[in-house]
Amino acid sequence: MINQAYPPKIIASVSDWEQWKSLQGKTLSDVCDWVELRVDGLPQELSAAEVMAYKPDMPILVTVRCPDEGGITPIDDSTRFRLMENYLPYATALDIEIKHLEKTQELIQKAKARGVIIIASGHDFLQTPGEDYLHEQEKYARQLRADIVKFAYTLHSFTDIATGISLLHRRKGDVAVMGMGELGPISRLAYAQHGSCLIYGHLDGRATAPGQWPVALYRQALGNLSPINR
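Residues numbered from 1 in each chain as written. Predicted model: local features only at pLDDT ≥ 70, side-chain atom pairs only at ≥ 80, totals over all residues. Heavy atoms only, no water.

Colleague: Where do I start with the packing of helix H6 (residues 158-168) against helix H7 (residues 184-193) in this structure?
Modeller: For any two helices packed against each other, one specifies the crossing angle of their axes together with the interaxial distance. Viewed as axis vectors pointing N to C, H6 and H7 meet at an angle of 20 degrees, and their least axial separation amounts to 10 Å. In this view, H6 runs roughly parallel relative to H7, as classed from their interaxial angle. H7 is crossed by H6, and the crossing has right-handed handedness. Together, Asp160, Ile161, Gly164, Ile165 and Leu168 of H6 and Ile186, Ser187 and Tyr191 of H7 make up the contact between the two elements. (Axes fitted to C-alpha atoms, helices over the stretch in contact; angles between N-to-C directions. Helix = DSSP H or I, 4+ residues; strand = E, 2+ residues; numbered from the N terminus. Parallel < 35°, antiparallel > 145°, perpendicular 65-115°, else oblique. Left-handed = near helix turned anticlockwise from the far one by under 90°. Contact = heavy atoms within 4.5 Å.)

Colleague: What exactly am I supposed to notice about the pairing of strand E6 (residues 148-154) here?
Modeller: Along a regular strand, successive side chains alternate from one face of the sheet to the other. Across the seven residues of E6, seven count as buried, placing the element largely inside the fold. Burial along E6 is two-sided: the residues Ile148, Lys150, Ala152 and Thr154 and Val149, Phe151 and Tyr153 are all buried. The pairing of E6 with strand E7 (residues 174-180) spans seven bridges and is parallel. Within E7, the position partnered with Lys150 by the bridge is Ala176. (Buried < 20%, exposed > 50% of the residue type's maximum accessible area, 1.4 Å probe, protein only. Pairing = 2+ DSSP bridges.)

Colleague: How should I be thinking about the packing of aromatic side chains in this particular structure?
Modeller: Here the distance between the centres and the angle between the planes together describe a pair of aromatic rings. Evaluated as defined, the whole model comprises two aromatic pairs. Centre to centre, the rings of Trp17 and Tyr54 are 5.5 Å apart; their planes meet at 85 degrees, and the pair counts as edge-to-face. In this pair, Trp17 sits in helix H1 (residues 17-22) while Tyr54 sits in the loop between helix H2 (48-52) and strand E3 (60-63), placing the two residues 37 residues apart along the sequence. Centroid distance Trp213 to Tyr218: 5.4 Å. Interplanar angle 35 degrees. Geometry classified as tilted. The partly exposed category is assigned to Trp213, whose relative accessible area is 26%. (Phe/Tyr/Trp six-rings, centres within 6.5 Å; stacked < 30°, edge-to-face > 60°.)

Take a look at the structure:
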(Lines give C-alpha, C1' and ligand atoms only; values in the text may rest on other atoms or scores of the structure.)
Protein backbone atom coordinates (compact mmCIF):
# COMPACT_ATOMS: atom_id res chain seq x y z
CA MET A 1 0.00 0.00 0.00
CA ILE A 2 1.06 3.61 -0.51
CA ASN A 3 -0.03 6.79 1.17
CA GLN A 4 -3.36 7.85 -0.35
CA ALA A 5 -2.90 11.47 0.74
CA TYR A 6 -2.93 14.17 -1.93
CA PRO A 7 -1.04 14.65 -4.19
CA PRO A 8 -0.72 11.25 -5.90
CA LYS A 9 2.59 9.76 -6.85
CA ILE A 10 3.68 11.04 -10.26
CA ILE A 11 4.95 8.30 -12.58
CA ALA A 12 7.23 9.10 -15.53
CA SER A 13 6.72 6.35 -18.09
CA VAL A 14 9.70 5.41 -20.27
CA SER A 15 9.57 2.89 -23.12
CA ASP A 16 12.44 4.07 -25.34
CA TRP A 17 15.85 2.47 -24.91
CA GLU A 18 17.84 5.59 -25.81
CA GLN A 19 15.78 7.70 -23.44
CA TRP A 20 16.24 5.15 -20.66
CA LYS A 21 20.02 5.16 -21.13
CA SER A 22 20.03 8.97 -20.87
CA LEU A 23 18.58 8.69 -17.35
CA GLN A 24 21.50 6.73 -15.88
CA GLY A 25 22.09 7.74 -12.27
CA LYS A 26 19.85 10.79 -12.49
CA THR A 27 17.52 11.96 -9.75
CA LEU A 28 14.22 13.16 -11.20
CA SER A 29 12.43 13.88 -7.95
CA ASP A 30 11.79 17.48 -9.00
CA VAL A 31 9.32 16.25 -11.65
CA CYS A 32 8.25 12.75 -10.58
CA ASP A 33 8.21 10.19 -7.76
CA TRP A 34 8.71 6.93 -9.66
CA VAL A 35 9.93 5.99 -13.13
CA GLU A 36 7.98 3.33 -15.00
CA LEU A 37 10.16 1.12 -17.19
CA ARG A 38 8.09 -0.30 -20.04
CA VAL A 39 10.13 -3.42 -20.69
CA ASP A 40 7.82 -4.32 -23.60
CA GLY A 41 9.26 -1.32 -25.45
CA LEU A 42 12.92 -2.28 -25.06
CA PRO A 43 15.12 -4.47 -27.30
CA GLN A 44 14.24 -7.97 -26.16
CA GLU A 45 17.80 -9.31 -26.40
CA LEU A 46 18.83 -7.17 -23.40
CA SER A 47 19.04 -8.77 -19.97
CA ALA A 48 17.59 -7.15 -16.87
CA ALA A 49 21.10 -6.52 -15.56
CA GLU A 50 22.13 -4.79 -18.80
CA VAL A 51 19.05 -2.58 -18.72
CA MET A 52 19.33 -1.72 -15.06
CA ALA A 53 22.95 -0.67 -15.45
CA TYR A 54 21.39 2.55 -16.79
CA LYS A 55 18.67 3.01 -14.16
CA PRO A 56 18.00 6.46 -12.73
CA ASP A 57 18.37 6.99 -9.01
CA MET A 58 14.61 6.64 -8.53
CA PRO A 59 12.05 4.01 -7.46
CA ILE A 60 11.28 1.83 -10.49
CA LEU A 61 7.88 0.52 -11.56
CA VAL A 62 8.38 -2.45 -13.89
CA THR A 63 5.75 -3.03 -16.57
CA VAL A 64 5.76 -5.67 -19.31
CA ARG A 65 2.44 -4.94 -20.99
CA CYS A 66 0.58 -7.60 -22.96
CA PRO A 67 -0.26 -6.77 -26.60
CA ASP A 68 -4.04 -6.44 -26.28
CA GLU A 69 -3.70 -3.98 -23.38
CA GLY A 70 -1.30 -1.64 -25.11
CA GLY A 71 1.92 -3.63 -25.27
CA ILE A 72 4.48 -2.11 -27.63
CA THR A 73 6.14 -5.36 -28.69
CA PRO A 74 4.20 -8.64 -28.93
CA ILE A 75 5.54 -10.91 -26.17
CA ASP A 76 3.93 -14.24 -25.28
CA ASP A 77 2.68 -14.73 -21.73
CA SER A 78 5.38 -17.14 -20.56
CA THR A 79 8.14 -14.80 -21.76
CA ARG A 80 6.43 -11.79 -20.21
CA PHE A 81 6.10 -13.47 -16.83
CA ARG A 82 9.75 -14.58 -16.98
CA LEU A 83 10.81 -11.01 -17.73
CA MET A 84 8.79 -9.73 -14.77
CA GLU A 85 10.56 -12.18 -12.46
CA ASN A 86 13.97 -11.21 -13.85
CA TYR A 87 13.31 -7.56 -13.03
CA LEU A 88 11.98 -8.16 -9.50
CA PRO A 89 15.33 -7.43 -7.77
CA TYR A 90 15.23 -3.90 -9.21
CA ALA A 91 11.54 -3.12 -8.75
CA THR A 92 9.74 -0.93 -6.25
CA ALA A 93 6.47 -1.93 -7.92
CA LEU A 94 5.32 -4.41 -10.56
CA ASP A 95 2.36 -3.94 -12.91
CA ILE A 96 0.34 -7.07 -13.78
CA GLU A 97 -2.88 -6.99 -15.80
CA ILE A 98 -5.94 -7.96 -13.78
CA LYS A 99 -6.79 -10.78 -16.19
CA HIS A 100 -3.40 -12.40 -15.50
CA LEU A 101 -3.46 -12.25 -11.70
CA GLU A 102 -4.62 -15.84 -11.23
CA LYS A 103 -1.84 -17.31 -13.36
CA THR A 104 0.85 -15.15 -11.72
CA GLN A 105 0.19 -15.96 -8.06
CA GLU A 106 3.61 -17.59 -7.66
CA LEU A 107 5.26 -14.51 -9.14
CA ILE A 108 3.17 -12.27 -6.87
CA GLN A 109 4.27 -14.30 -3.84
CA LYS A 110 7.93 -13.78 -4.79
CA ALA A 111 7.30 -10.06 -5.29
CA LYS A 112 5.57 -9.75 -1.92
CA ALA A 113 8.52 -11.49 -0.24
CA ARG A 114 10.74 -8.74 -1.64
CA GLY A 115 8.36 -5.97 -0.55
CA VAL A 116 7.47 -5.14 -4.16
CA ILE A 117 4.13 -3.34 -4.61
CA ILE A 118 1.68 -5.11 -6.94
CA ILE A 119 -0.30 -2.86 -9.28
CA ALA A 120 -3.18 -4.70 -10.95
CA SER A 121 -4.18 -2.91 -14.13
CA GLY A 122 -7.00 -2.97 -16.64
CA HIS A 123 -7.22 -1.05 -19.92
CA ASP A 124 -9.96 -0.26 -22.40
CA PHE A 125 -8.89 1.62 -25.53
CA LEU A 126 -12.43 1.84 -26.93
CA GLN A 127 -14.68 3.08 -24.15
CA THR A 128 -15.29 3.69 -20.46
CA PRO A 129 -16.53 0.50 -18.75
CA GLY A 130 -19.49 0.70 -16.37
CA GLU A 131 -18.85 1.72 -12.79
CA ASP A 132 -20.23 -1.52 -11.32
CA TYR A 133 -17.99 -3.58 -13.58
CA LEU A 134 -14.93 -1.56 -12.50
CA HIS A 135 -15.92 -1.90 -8.85
CA GLU A 136 -16.18 -5.69 -9.21
CA GLN A 137 -12.79 -5.76 -10.94
CA GLU A 138 -11.31 -3.86 -8.01
CA LYS A 139 -12.70 -6.38 -5.53
CA TYR A 140 -11.47 -9.30 -7.63
CA ALA A 141 -7.95 -7.83 -7.88
CA ARG A 142 -7.75 -7.33 -4.13
CA GLN A 143 -8.73 -10.94 -3.55
CA LEU A 144 -5.72 -11.89 -5.68
CA ARG A 145 -3.35 -9.76 -3.55
CA ALA A 146 -3.16 -6.52 -5.52
CA ASP A 147 -1.96 -3.53 -3.50
CA ILE A 148 -3.09 -0.90 -6.02
CA VAL A 149 -5.81 -1.35 -8.63
CA LYS A 150 -5.35 0.79 -11.73
CA PHE A 151 -7.84 1.49 -14.51
CA ALA A 152 -7.08 3.29 -17.77
CA TYR A 153 -9.89 3.73 -20.28
CA THR A 154 -10.94 5.90 -23.18
CA LEU A 155 -13.22 8.84 -22.46
CA HIS A 156 -15.87 10.11 -24.86
CA SER A 157 -17.80 12.50 -22.60
CA PHE A 158 -17.80 14.24 -19.25
CA THR A 159 -20.20 11.53 -18.08
CA ASP A 160 -17.35 9.07 -18.59
CA ILE A 161 -15.12 11.21 -16.39
CA ALA A 162 -17.80 11.10 -13.70
CA THR A 163 -17.71 7.28 -13.76
CA GLY A 164 -14.14 7.32 -12.50
CA ILE A 165 -14.87 9.92 -9.83
CA SER A 166 -17.74 7.84 -8.50
CA LEU A 167 -15.57 4.72 -8.52
CA LEU A 168 -12.88 6.51 -6.51
CA HIS A 169 -15.38 7.37 -3.81
CA ARG A 170 -16.36 3.68 -3.57
CA ARG A 171 -12.81 2.32 -3.48
CA LYS A 172 -11.75 -0.16 -0.82
CA GLY A 173 -8.07 0.68 -0.94
CA ASP A 174 -5.51 2.33 -3.19
CA VAL A 175 -6.98 2.92 -6.66
CA ALA A 176 -5.51 4.76 -9.64
CA VAL A 177 -7.81 5.96 -12.42
CA MET A 178 -6.81 7.69 -15.63
CA GLY A 179 -8.59 8.65 -18.79
CA MET A 180 -7.20 8.30 -22.29
CA GLY A 181 -7.98 10.36 -25.37
CA GLU A 182 -8.69 14.07 -25.76
CA LEU A 183 -10.27 14.30 -22.30
CA GLY A 184 -7.42 12.35 -20.74
CA PRO A 185 -5.27 15.17 -19.36
CA ILE A 186 -8.08 17.04 -17.60
CA SER A 187 -9.53 13.78 -16.26
CA ARG A 188 -6.25 12.77 -14.68
CA LEU A 189 -6.14 15.98 -12.67
CA ALA A 190 -9.77 15.55 -11.59
CA TYR A 191 -9.11 11.95 -10.56
CA ALA A 192 -6.07 13.04 -8.57
CA GLN A 193 -8.24 15.53 -6.68
CA HIS A 194 -10.73 12.76 -5.89
CA GLY A 195 -8.18 10.31 -4.53
CA SER A 196 -6.47 8.54 -7.42
CA CYS A 197 -3.15 7.47 -5.93
CA LEU A 198 -1.05 7.50 -9.13
CA ILE A 199 -0.83 9.81 -12.13
CA TYR A 200 1.20 8.87 -15.22
CA GLY A 201 3.00 11.24 -17.56
CA HIS A 202 5.98 11.32 -19.87
CA LEU A 203 9.45 12.79 -20.20
CA ASP A 204 10.63 14.74 -23.26
CA GLY A 205 7.38 14.45 -25.21
CA ARG A 206 7.42 10.64 -25.54
CA ALA A 207 3.99 9.55 -24.31
CA THR A 208 3.37 5.84 -23.70
CA ALA A 209 -0.45 6.20 -23.69
CA PRO A 210 -2.93 8.67 -25.21
CA GLY A 211 -3.86 11.45 -22.80
CA GLN A 212 -0.58 11.88 -20.94
CA TRP A 213 0.98 15.22 -20.08
CA PRO A 214 4.65 15.82 -19.27
CA VAL A 215 5.31 14.91 -15.65
CA ALA A 216 6.73 18.38 -14.96
CA LEU A 217 3.39 19.88 -15.97
CA TYR A 218 1.53 17.51 -13.66
CA ARG A 219 3.84 18.46 -10.79
CA GLN A 220 3.08 22.13 -11.39
CA ALA A 221 -0.67 21.64 -11.83
CA LEU A 222 -1.09 19.41 -8.77
CA GLY A 223 0.78 21.97 -6.69
CA ASN A 224 -1.92 24.51 -7.59
CA LEU A 225 -4.89 22.22 -6.89
CA SER A 226 -6.37 20.78 -3.74
CA PRO A 227 -8.03 17.45 -2.91
CA ILE A 228 -11.81 17.27 -3.24
CA ASN A 229 -13.67 15.32 -0.56
CA ARG A 230 -17.36 14.50 -0.51
